[in-house]
Amino acid sequence: MTTTRIATTHSLALIEVKRFARHPLFIVGALLTLGLTAVMGTRNEPGDLLSWPVVPAFFTGVSSIIVAARLTRSAERADEALDTAPYTEADRTRALLAASVVPFAVGLLWMIELLVLTAVNPPHPVEWWFGTTSDLYVLGVLVGNGVVACLGGALLGVLVGRWLHFPGAPALVAVGIVVGAMAMNGVSETAYSQFRLWTPWVSWHSGTQEEDGTATIFAGSPAWSAVYLLCLCAAAALVALWHDRSARTPQLRRAIAGVTVVGVVALGLSASLGLDENLVSPPNPNKLAKTATK
Amino acid sequence: MSSLLWYAQRAVPWPVTLGATGMVALGLAAAVLWPDRVGFLVALLVAPLAIASSFVLDEPSAPAVEVAPRSASWRTGARALALLAPAAVWLSGVVLVVQRQAIGSRGGWLLIGAASMTLAMGAAALLAASGRPMPGSYVSTGAALAFLVPYMRLPLPDRAWPYPLAGFPREAVLIWLVVLTLGAAALAAALRKRIHG
């Protein structure tokens, strides 16, 4: 890439970052992510912590799919004017991909917020958290299901904006992702729980079972699953770039193949390493007390 | 009737309407086949059901259509025929799911389906009558997020869980009746203002 091309991409990226950060849907999603976590973290004693990444994944990740797809499509409405601009579709795609740093930052902020809240207001000693399971398991869940989900939502949105041009595609993909992930999570508590790991959002914690106050964490390695999810993110970005015929270089082809191979290996490792089987916590007395008062 | 169908066939954006309907059908089929594993999915399918109803009023040629001899209510009626597809899928799917799985009441799920579809169509009609000829993308985004949020359950006390999976409390019935009324009121107001001219 020439210096001029790099400078052009930088200025385009800066514009897209600002557009993303100012989008009302993203702002609402980010505020709900950080606000709900603050409310939940300060109210009573935090519980079911490893299921909390659903908050950033939904409010920031899912809304980022729609925001990124809309931003991508909005530029294409000026196709004729853009044809005369001194940059290619791939440059514009790179700039849009760079804007995914915005939801990624929200994901990181959310994780820091959760760690601070639990340090100030610690969970019950039987809670699945640092100390009751491995640090790598906990960090893998928080990063993979929280931070990477925020990043991946935006990258998937760019991919959708580039490839799917029928009206309603972003909303349909967003709903499809949620329905698909939740459907596959139905196998979490079976002997075949590893079969759920290929989906782009994997449940690792059951939530507290109301009847006995226990909670289950599921088999597999969340850390390797996070690596697999990062490969999905990279694949989404590369395939979005692939849309521009002039960008279909041998280098890009090799990158897609490389990411696919690493992703498949990471998926295999996420199924074979980590916990061998689902683990059930002792009953949480506070949860039992809540159930009894209902 | 044939002219209504002819118009609906050409005017409605079928890929997204049928795509969302297909997603509802697949989800309901999975819930019927594996009720103990994915029965809870039925609550999530309200979102694609609403999306299927969001686009039927999209009119890319609004300025030309406004001066056409057909009235706004005739055109809206013709487009509304497209809703028969998601409605039929929801009706038959819910009957089968409740029969196989005994999750809450059949009437409850039918109320939820009718309310979500009416609200999406009503919101789209109101936007169309206010000069936005392509309201579908706005309504579908709102519908997707609004109808998925309750599934997150996070800030809701159990009695406010608005789906009839284990009982269907009176508060939940009230929520969906309000949604249905709001949708019907929006639709009526839009028809009074004349959709797309």
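Only a predicted model underlies this, so the values are computations on that prediction, with no experimental measurement involved.

**Here we look at the overall build of chain B**
Check the secondary structure of chain B and you find 11 helices and zero strands. The secondary structure elements of chain B, listed N-terminal to C-terminal, are α-α-α-α-α-α-α-α-α-α-α. Within the span of chain B, comprising 197 residues, buried residues form 50% of the whole. Contacts in chain B between residues far apart in sequence, at least 24 positions, make up 77% of those at least 6 positions apart.

**Description of the interface of chain A and chain B**
The partner chain B presents 28 residues to the 26 residues of chain A that form the contact. When the buried surface of chain A facing chain B is broken down by residue, F58(A), L172(A) and V175(A) rank first, second and third, together holding 24% of it. Inspection of the region where chain A meets chain B yields zero salt bridges. For the pair chain A and chain B, the number of links is zero residue pairs in polar contact (both at pLDDT 80 or more). The set of elements that each furnish at least two residues to the side of chain A that touches chain B consists of α2 (24–42), α3 (54–76) and α8 (169–184) of chain A. The greatest single-element share of the side of chain A that touches chain B, amounting to eight residues, is contributed by α8(A). Residues belonging to the side of chain A that touches chain B are distributed by class as follows: 18 nonpolar, four polar and four charged.

**Re the confidence of the model for chain B**
All names here are of chain B. With 84% of its residues at a pLDDT of 70 or more, chain B shows a mean pLDDT of 82. When the elements of chain B are averaged for pLDDT, helix α3 (residues 35–38) gives the smallest value, 67, and helix α5 (residues 46–54) the largest, 92. Scoring of the predicted complex yields 0.87 for pTM and 0.81 for ipTM.

**Re helix α8 (residues 84–101) of chain B**
Residues and elements named next belong to chain B. The end-to-end C-alpha distance of α8 is 25 Å, a good match for the 26 Å that 18 residues give at a rise of 1.5 Å each. Listed as buried for α8 are P86, W90, G93, V94, V97, V98 and Q101. Buried residues of α8, viewed axially, fall in a sector of 125 degrees; they line one side. Exposed side chains of α8 directed beyond 90 degrees from the buried face belong to L84, Q99 and R100.

**A few points about the sheet that holds strand β1 (residues 205–208) of chain A**
All names here are of chain A. Across the sheet, which stays open at both edges, the three strands sit in the order β1-β2-β3 with antiparallel pairing between neighbours. The open sheet has two edge strands, β1 and β3 (279–280), and neither has a second partner. Relative to strand β2 (residues 215–217), β1 runs antiparallel, the two being bridged by two bridges. Bridge assignment links T208 to a residue of β2, and that residue is A215.

**Things to note about the packing of aromatic side chains**
For any pair of aromatic rings, the description rests on two quantities: the centre-to-centre distance and the angle between the ring planes. All names here are of chain B. Inspection of the entire model under this criterion finds nine aromatic pairs over all chains. Look at F147 and W176: their rings are 6.0 Å apart centre to centre, the planes differ by 10 degrees, and that puts the pair in the stacked class. Of this pair, F147 sits in helix α10 (residues 136–152) while W176 sits in helix α11 (residues 170–193); the two residues are 29 residues apart in sequence, bridging distant segments of the chain. For F147, a relative accessible area of 8% translates into the label buried. Judged by centre distance (5.8 Å) and plane angle (45 degrees), the ring pair of Y163 and W176 falls under tilted.

**Description of the pattern of salt bridges**
Residues and elements named next belong to chain A. Evaluation of the coordinates by the stated rule reveals three salt bridges over all chains. For the salt bridge of R19 with E16, the shortest nitrogen-to-oxygen distance reads 3.0 Å. With R19 and E16 both in helix α1 (residues 3–22) and three residues apart, the pair spans about one turn of that helix. R19 sits in the partly exposed class, given a relative accessible area of 29%. Among the salt bridges present, the one from D91 reaches R94, with a minimum N-O distance of 2.9 Å. You can see D91 and its partner R94 sitting in helix α5 (residues 89–98), three residues apart, about one turn around the helix. Under the relative-accessibility criterion, D91 is labelled buried at 0%.

**Observations concerning the confidence of the model for chain A**
Put simply, chain A has an average pLDDT of 87, and 91% of its residues get 70 or more. The secondary-structure element of chain A with the lowest mean pLDDT is helix α4 (residues 79–83) of chain A, recorded at 63, while helix α9 (residues 222–242) of chain A shows the highest, at 95.

**Quick notes on the nonpolar core**
Membership of the largest hydrophobic core comes to 122 residues, with the highest contact counts inside it found for F20(A), I51(B), W90(B), W109(B) and W176(B). In terms of residue count, the dominant contributor to this core is helix α7 (residues 135–163) of chain A (12 residues). For F20(A), the residues in contact, after removing those within four places along its chain, are F26(A), S64(A), V67(A), A68(A), L71(A), A99(A), V102(A), P103(A) and A154(A).

**Some details on the environment of D58(B)**
Residues and elements named next belong to chain B. Take D58: it is sitting in the loop between α5 and α6 (62–66). Looking at D58, the relative accessible area reads 4%, which means it is buried. For D58 and A125, which are 67 residues apart along the polypeptide, the C-alpha to C-alpha distance reads 9.2 Å. Those residues within four positions of D58 in sequence are excluded, and the remaining contacts are A11, P13, R79, P133, M134, P135 and G136. Side-chain polar atoms of D58 contact the backbone nitrogen of G136, separated by 2.7 Å.

Criteria and thresholds
Residues numbered from 1 in each chain as written. Chains lettered and ligands numbered in written order. Predicted model: local features only at pLDDT ≥ 70, side-chain atom pairs only at ≥ 80, totals over all residues. Heavy atoms only, no water. Helix = DSSP H or I, 4+ residues; strand = E, 2+ residues; numbered from the N terminus. Buried < 20%, exposed > 50% of the residue type's maximum accessible area, 1.4 Å probe, protein only. Contact = heavy atoms within 4.5 Å. Buried area = accessible area lost by both parts, 1.4 Å probe. Salt bridge = Lys/Arg side-chain N within 4 Å of Asp/Glu carboxyl O. Polar contact = N/O pair within 3.5 Å; in protein donor to acceptor, adjacent residues only side chain to side chain. Nonpolar A, V, L, I, M, F, W, Y, C, P; charged D, E, K, R; others polar. pLDDT = per-residue confidence, 0-100. Expected span 1.5 Å × (residues − 1). Arc of directions from axis to C-beta. Pairing = 2+ DSSP bridges. Phe/Tyr/Trp six-rings, centres within 6.5 Å; stacked < 30°, edge-to-face > 60°. Core = buried A, V, L, I, M, F, W, Y, C linked by side-chain atoms within 4.5 Å.

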